[in-house]
Amino acid sequence: DTPQDSFAVQEEKISLYEKVETSKDTSNRKLLVTGSSVDYDSAFMLLRVSQSVVQDIKFVLSTFPRLVKFISLLRKGRSRMLGVKCFCPEVIQILSSLIFFVLKTESVSPRECEGKPIQERQRILRETGMAEVLVEILEFSFSEFGPYLEELDNPLCDVIYLTCRLIKHMVKENHESQLYFSQWMELFLVNITRANQDFQLEAALRALIQDNRDMLENRIDRKKIANFIELCDQKRGHQARFMLLLKSLCTYMDEALEDH
């Protein structure tokens, strides 16, 4: 199996959905009947999808209970420090599985792998609500545990790192996903400069705005850039890792944006 096909990790503490080799659809189908008074906002469409897409959706949904449980521990802050640390290895395995799920790569390292994102799986992650889950992991990790992220061997740092890596591969070369994640642009910009470590937030944000003129012109203004530069100035000695991001914020296809 290639790395991207072997995404259903099975460990003693984790039980994720495994792909079933079958072409038969055993689900029960029922006819949905609507009244004539249904308006446009209530309308939806049912489309038949392939069995492989069904399997992919089931796998993604199988990761939610553990990730949501982890977020509930993060929300409680320092009082659940031990529980968060104990839960981290499980979350790291799930995030690693999701990275290989969405990325076509020959690498076996979720921390370093690069490759071609699988667009259909990017869509599945976006439409099942994985974006909101990942953003909450970042938000509460920084807000509740920010001062403790500098501790040696803190597994929460690995969770943050892999969360950012997964976001990067979810939005890479996908304008729909880039637009969807843009609603949390401010969260990314603020937290990039909070810690001295490289959590790959810059890489995720660069993938979010990469060669997306509409995003740069409508979501990034001079005020945001000025605030980012001010935050960088407060982190003297760490500015080097922010320069590529600053370039991405101010240019499109290597040409300067006049309003920036």
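Residues numbered from 1 in each chain as written. Predicted model: local features only at pLDDT ≥ 70, side-chain atom pairs only at ≥ 80, totals over all residues. Heavy atoms only, no water.

1. Comments concerning helix α1 (residues 51–75)
Move 1: Over its 25 residues, α1 extends 37 Å from the first C-alpha to the last, a length consistent with the 36 Å expected when each residue adds 1.5 Å.
Move 2: Of all the bends in α1, the greatest measures close to 30 degrees and is centred on Pro65.
Move 3: Just beyond α1, the residue with positive phi is Gly77, at close to 70 degrees. (Helix = DSSP H or I, 4+ residues; strand = E, 2+ residues; numbered from the N terminus. Expected span 1.5 Å × (residues − 1). Bend = angle between axes of the 7 residues up to and from the residue.)

2. Quick look at the packing of helix α2 (residues 81–102) against helix α5 (residues 155–171)
Move 1: The N-to-C vectors of α2 and α5 enclose an angle of 20 degrees; their axes lie 9 Å apart at closest approach. With respect to each other, α2 and α5 are oriented roughly parallel. For α2 against α5, the interelement crossing comes out left-handed. Here Val84, Lys85, Cys88, Val91, Ile92, Leu95, Ser96, Leu98, Ile99 and Val102 of α2 lie close against α5, whose contacting residues are Pro155, Leu156, Asp158, Val159, Leu162, Thr163, Arg165, Leu166 and His169.
Move 2: Here the contact of α2 with α5 is built from residues that sort into 13 nonpolar, 3 polar and 3 charged. (Axes fitted to C-alpha atoms, helices over the stretch in contact; angles between N-to-C directions. Parallel < 35°, antiparallel > 145°, perpendicular 65-115°, else oblique. Left-handed = near helix turned anticlockwise from the far one by under 90°. Contact = heavy atoms within 4.5 Å. Nonpolar A, V, L, I, M, F, W, Y, C, P; charged D, E, K, R; others polar.)

3. Digging into the pattern of salt bridges
Move 1: Summed over the entire model, instances satisfying the criterion amount to 11 salt bridges.
Move 2: Taking the shortest distance from any N to any O, the salt bridge between Arg111 and Asp158 comes out at 3.1 Å. With a gap of 47 residues between them, Arg111 in the loop between β1 (103–104) and β2 (116–117) and Asp158 in helix α5 connect regions that are remote in the sequence.
Move 3: Its relative accessible area of 36% is what places Arg111 among the partly exposed residues.
Move 4: A residue is classified by how much of its surface remains accessible, and Asp158, at 30% relative accessible area, is partly exposed.
Move 5: Among the salt bridges present, the one from Glu114 reaches Arg165, with a minimum N-O distance of 3.1 Å. Linking Glu114 in the loop between β1 and β2 with Arg165 in helix α5, this pair joins segments that are 51 residues apart in sequence.
Move 6: Exposure remark for Arg165: the relative accessible area of 3% places this residue in the buried category.
Move 7: Overlapping salt bridges bring together Glu114, Arg165, Lys168 and Lys172 as one network. (Salt bridge = Lys/Arg side-chain N within 4 Å of Asp/Glu carboxyl O. Buried < 20%, exposed > 50% of the residue type's maximum accessible area, 1.4 Å probe, protein only.)

4. Considering the packing of α1 against α2
For any two helices packed against each other, one specifies the crossing angle of their axes together with the interaxial distance.
Move 1: Look at α1 against α2: their axes get within 10 Å of each other, and the N-to-C directions meet at 155 degrees. When the axis of α1 is compared with that of α2, the two are roughly antiparallel. Between α1 and α2 lies a crossing of left-handed hand. Listed contacts from α2 to Asp56, Phe59, Val60, Thr63, Arg66, Leu67, Lys69, Phe70, Leu73 and Leu74 of α1 are Gly83, Val84, Phe87, Cys88, Glu90, Val91, Ile94, Ser97, Leu98 and Phe101.
Move 2: Looking at the contact of α1 with α2, its residues break down into 13 nonpolar, 3 polar and 4 charged.

5. Remarks on the environment of Val159
Move 1: Within the secondary structure, Val159 sits in helix α5.
Move 2: Given a relative accessible area of 0%, Val159 falls into the buried group.
Move 3: Spatially, the C-alpha atom of Val159 lies 8.4 Å from that of Pro89, the residues being 70 residues apart in sequence.
Move 4: Beyond its immediate sequence surroundings of up to four residues, Val159 is in contact with Phe70, Cys88, Val91, Ile92, Leu95 and Ile137.

6. Let's talk about unusual backbone geometry
Move 1: Even without being a glycine, Glu173 presents a positive backbone phi close to 60 degrees.
Move 2: Tracing the chain through its elements places Glu173 in the loop between α5 and α6 (175–181).
Move 3: With relative accessibility at 47%, the residue Glu173 sits in the partly exposed group.
Move 4: Residue Gln200 is not a glycine yet carries a positive backbone phi of 70 degrees.
Move 5: Among the secondary structure elements, Gln200 is positioned in the loop between α7 (185–192) and α8 (201–209).

7. Quick look at the confidence of the model for the protein chain
Move 1: Averaged over all residues, the pLDDT of the protein chain equals 81, while 75% of them reach at least 70.
Move 2: Below pLDDT 50 for its whole length, residues 8–12 participates in 11 contacts with residues either more than four positions away or in separate chains. (pLDDT = per-residue confidence, 0-100.)

8. Here we look at the packing of aromatic side chains
Move 1: Scanning the model with the defined rule gives 5 aromatic pairs in all.
Move 2: Measuring from ring centre to ring centre gives 5.3 Å for Phe59 and Phe101, while their planes differ by 50 degrees; the resulting arrangement is tilted. In this pair, Phe59 sits in helix α1 while Phe101 sits in helix α2, placing the two residues 42 residues apart along the sequence.
Move 3: Note on Phe59: relative accessible area 0%, which makes it buried.
Move 4: Residue class for Phe101 comes out buried when judged on its relative accessible area of 0%.
Move 5: Measuring from ring centre to ring centre gives 5.8 Å for Phe142 and Phe199, while their planes differ by 80 degrees; the resulting arrangement is edge-to-face. Separated by 57 residues along the polypeptide, Phe142 in helix α4 (residues 130–145) and Phe199 in the loop between α7 and α8 bring together distant segments of the chain. Of the two residues, Phe142 and Phe199, both sit in the buried class.
Move 6: Over the ring of Tyr161 we find Arg111; its NZ or CZ atom is 4.0 Å from the centre of that ring. (Phe/Tyr/Trp six-rings, centres within 6.5 Å; stacked < 30°, edge-to-face > 60°. Lys NZ or Arg CZ within 6 Å of the ring centre and 35° of its normal.)

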